[in-house]
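Structural description and commentary
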Amino acid sequence: MSGAYDALFTGALLLLGGLMIACLVRAILGPRIADRLVSINMTGTIAIMMIALLTVMLDEGYLVDIAIIYALLSFLAVVVLVKIFIGVYRANKQRGNGGAGR
């Protein structure tokens, strides 16, 4: 029975790895910045799921702490990226309106 669980966990990790590669491709090729931000967030979420699966697979409790810390860092990274995006958007909008009004 243990071999079946190992095969299931390995398959799930491989599937999540494939999904992470797809998210990274979307982050690189995404036509809009919103696509890139969502794919970066999804990459962090998939990494957290992979750490959680490894916690169960390896029976190591400290990995849960690492997953929680990674979740906090991933959240903060996305918030900072969105804040930067909003600043760039406002600057471009003001530049566009200032030039059109003259």
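Described below are features of the structure shown in this document. (Residues numbered from 1 in each chain as written. Predicted model: local features only at pLDDT ≥ 70, side-chain atom pairs only at ≥ 80, totals over all residues. Heavy atoms only, no water.)

On the secondary structure map, S74 appears in helix 3 (residues 62-100). If near-sequence neighbours (up to four positions away) are discounted, S74 is found in contact with N41 and G44. (Helix = DSSP H or I, 4+ residues; strand = E, 2+ residues; numbered from the N terminus. Contact = heavy atoms within 4.5 Å.)

A word on the nonpolar core. Formed by F9, L13, L16, M20, C23, I46, A47, M50 and L53, the largest nonpolar core amounts to 9 residues. For this core, the secondary-structure elements that each account for two or more residues are helix 1 (2-29) and helix 2 (33-58). (Core = buried A, V, L, I, M, F, W, Y, C linked by side-chain atoms within 4.5 Å. Buried < 20%, exposed > 50% of the residue type's maximum accessible area, 1.4 Å probe, protein only.)

The phi dihedral of D59 falls on the positive side, at around 55°, and the residue is not glycine. If you trace the backbone, D59 turns up in the loop between helix 2 and helix 3. For D59, a relative accessible area of 67% translates into the label exposed.

A word on helix 1. Over its 28 residues, helix 1 runs 41 Å from end to end, which matches the ideal 40 Å to within 8%, given 1.5 Å per residue. On the buried face of helix 1, the contacting elements are helix 2. (Expected span 1.5 Å × (residues − 1).)

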